[in-house]
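Coordinate inspection notes
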2 protein chains.
Amino acid sequence: MTDTRSPLAPAGFPALPAIAGVTPRIARAHYKSWDRCDLTFITLDEGTAIAGVTTQSQCPSPEVEWCRDALPLGKARALVVNAGNSNAFTGHRGRAAVEAIAARTAGHLGCQPSDIFIASTGVIGVPLPIDKAEAGLDAAFAAAPCSWEEAAATIMTTDTFAKAAATKAIIGDRTVHLIGIIKGSGMIAPDMATMLGFIFTDAAVEPALLQGMLSAANGKSFSCITVDSDTSTSDTVLAFATGKAGNAPLATMDDEGAEAFHAALSDLCLQLAHLVVRDGEGASKFIEIAVEGATSDKSAHTIALSIANSPLVKTAIAGEDANWGRVVMAIGKAGEPAERDQLAIRFGTTQVAEGGLAVEGYDEAPVSAHLKGSEIEIGVNLNLGSGRATVWTCDLTHGYIAINADYRS
Amino acid sequence: MTDTRSPLAPAGFPALPAIAGVTPRIARAHYKSWDRCDLTFITLDEGTAIAGVTTQSQCPSPEVEWCRDALPLGKARALVVNAGNSNAFTGHRGRAAVEAIAARTAGHLGCQPSDIFIASTGVIGVPLPIDKAEAGLDAAFAAAPCSWEEAAATIMTTDTFAKAAATKAIIGDRTVHLIGIIKGSGMIAPDMATMLGFIFTDAAVEPALLQGMLSAANGKSFSCITVDSDTSTSDTVLAFATGKAGNAPLATMDDEGAEAFHAALSDLCLQLAHLVVRDGEGASKFIEIAVEGATSDKSAHTIALSIANSPLVKTAIAGEDANWGRVVMAIGKAGEPAERDQLAIRFGTTQVAEGGLAVEGYDEAPVSAHLKGSEIEIGVNLNLGSGRATVWTCDLTHGYIAINADYRS
């Protein structure tokens, strides 16, 4: 549907290190009539720890329910990702498909079905065809290992570019590596798009600590991005730690290297989250919204998302218009403590409003120059407390409407 | 900016009865370079009761603050509405303009400044020029009375048609009349658009009862419409009751005719609210979303608004696509109790999903036919309880982006 690479995409796919204990393979399950691979199969050596975060939707897919049930066991041997069919809202038939994939993969690897993690993305309401899934799995089992770029491309639906990032950390005398692949660009028609992110590291980390670190990192990254305020039924981020780097396993935040690893994981999550925004449907501007001076961090986060999700703010940025009145509006509607006469707002580095009105001698020229760029910053100071939050979004353009309305299914 | 009458507009302006004790006048204050009247001045005979509801924004305009302060006194002698400048986010200079308007009008009428109600709509962040307001008022004081159609047109900003409605009720042996004018069509660039609604009746109603009735009616009408989820800093609905019909004044809901009057007021509010949706920016479809079976009415309302505000649902309707998966998504993200496997969804009168999956033998043809019309119905049954709510919205089209992004200020 979208043949054009997003104008906000990075120049190319990054160089990723191999992660010991992780082997990706891809195959064609023919879920759609696409001429491309659509099934990703990633094996993990024994001893791999897992952590995960999933959608807050009250109507999750059976894949999400499967992962939620398996996550507390803390171990993983494989990941299977289907692209082209989300299997969401398919009742007992969808659950049967998930169980069949887990059983077949566990049989192949000689492990428990609960060691198999599964994610699907694509059209909603159509049960994932079990025969296609099984044939695809068999092809993947027999396939040669593939590159990370191939794996990142295979989990895509209507993303316009393959997304990945890498970081590293030092734990004791070992350098550990972290890589991640991700897909998502809003909720894409006629499919239900979904954010699926998968992180792999050779570090040895106990599952409980990995979960704590991932949840914290999620709160500062994936939970801080929005393309169109819509939440998929299938959103999933999983982190796998094989332990092959040979570091002394991290079990608590007091362990040597734990802070460094947490920082590297957080950085990776943020890089991956930004890539999703950079592929936002129809996006022409990457927008950072930083709120400070709120009564709490949570309040700052709510206000920042209210600005980020406002169609009027997003269209103003698309129009390169320094319409700070719309920012005031979005702050006002957030339902959080705000004092009109203490508000300060900046675009880029230029203060536009302070103390409840436009700054004396306001010069729009530097603001207009900032808005002509593709990286936009909006800063808000509520001057009420020390709460702060930063979120990222993209603008709302004709491209979004074209992708989501200009078709007949 | 928008020269084309909304395709969802009614055929013409309705016939409105005169309301004894109410006299509208219009004038040119030249707030913008428009070649039209932009100041509406409506006098109310002594003894007129007032009630009102105002924006929930944490950053309201000084006009809203003025009205909030005056409303508890329960009486009114005049309404002044400025179009072209909302006077919002203008600090002490904005407050001075409101005080000047109230003082000059009270001086003209020989009443208290607190008897004067004021509303403004238009650009944000620019203090309303006091000299223009005063000159405009003087012109209005000297003007001949105007028609309701002229008054309804004068409060418009970028609305594409003048909006009004009328109802009546029998109280004892008297027939009382209610009329209303309203403006608003989303939040319109480069102005901050606003919903301003004014209701006039010749019924005699005590202010406290009128307030209770208006608040209840608001909860089923103005609070149930959304164009783009954005909330103005200036939204205001005021109801004025002159008492000239000579009915025995209504003081409690037990009084004869109180139920009938409440029903007429509620009907009027709903008609006015629908007119705003029918002028939604870029709207090509009027959408009713009815949720039942929720755990409470409030929960149903939250879920209905989550569907109504979802850009993906709104673009699907614009594309005439029977994408019920997006409705599931919007239900799931609402954060309210919902059981995926008990959900039922209909488009028009056709059931599309039941018990958590597509209905057996689902035929898309009648749904597609329904979606080709301009009046769309989405029904959701959560099958959890008896909570219900209905909201109204419009679709999200290229027209919305064109109005809000395709300009430079």
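All values derive from a computational prediction rather than experimental measurement.

Time to look at the packing of helix 8 (residues 311-318) of chain A against helix 11 (residues 398-405) of chain B. Axis separation between helix 8 of chain A and helix 11 of chain B bottoms out at 8 Å; the angle between their running directions is 65 degrees. On the basis of the axis angle, helix 8 of chain A is roughly perpendicular to helix 11 of chain B. Seen from above, helix 8 of chain A lies across helix 11 of chain B with right-handed handedness. Listed contacts from helix 11 of chain B to Pro311, Leu312, Thr315, Ala316 and Ala318 of chain A of helix 8 of chain A are Tyr400, Ile401, Asn404 and Ala405 of chain B.

The subject of this paragraph is the domain arrangement of chain A. Put simply, an interface is often sized by how much accessible area is lost when its parts join up. All names here are of chain A. Domain annotation for chain A reports domain 1 (22-278) and domain 2 (286-405). On a C-alpha basis, the centroid separation for the pair domain 1 and domain 2 is 33 Å. Contacts between the two partners involve 15 residues from domain 1 and, on the opposite side, 15 residues from domain 2. Buried surface at the junction of domain 1 and domain 2, summed over both partners, amounts to about 1,300 Å²; 57% is from carbon and sulfur atoms. On the domain 1 side of the interface with domain 2, the three residues burying the most area are Cys224, Thr226 and Val277, jointly 37% of the side's total. Counting across the domain 1 and domain 2 interface gives 1 salt bridge. With a shortest N-O distance of 2.9 Å, Glu375 and Arg278 are connected by a salt bridge. Counting across the interface, domain 1 meets domain 2 through 7 residue pairs in polar contact (both at pLDDT 80 or more). Only strand 9 (225-226) and helix 6 (258-278) provide two or more residues apiece to the side of domain 1 that touches domain 2.

Here the focus is the relation of the copies chain A and chain B. Superposing chain A onto chain B takes a rotation of 180 degrees combined with a translation of 0.0 Å along the rotation axis, leaving an RMSD of 0.0 Å. Such values leave the two copies arranged in the relation of a two-fold axis. When C-alpha positions in chain A are compared against the rotation axis, the closest is assigned to His398 of chain A, at 3.0 Å. When you check the interface residues of chain A against chain B, 100% turn up at the interface there too, and the contact is symmetric in its surfaces.

Cut-offs and rules
Residues numbered from 1 in each chain as written. Chains lettered and ligands numbered in written order. Predicted model: local features only at pLDDT ≥ 70, side-chain atom pairs only at ≥ 80, totals over all residues. Heavy atoms only, no water. Axes fitted to C-alpha atoms, helices over the stretch in contact; angles between N-to-C directions. Helix = DSSP H or I, 4+ residues; strand = E, 2+ residues; numbered from the N terminus. Parallel < 35°, antiparallel > 145°, perpendicular 65-115°, else oblique. Left-handed = near helix turned anticlockwise from the far one by under 90°. Contact = heavy atoms within 4.5 Å. Domains from an automatic or database assignment. Buried area = accessible area lost by both parts, 1.4 Å probe. Salt bridge = Lys/Arg side-chain N within 4 Å of Asp/Glu carboxyl O. Polar contact = N/O pair within 3.5 Å; in protein donor to acceptor, adjacent residues only side chain to side chain. Least-squares fit on C-alpha atoms with pLDDT ≥ 70 in both.

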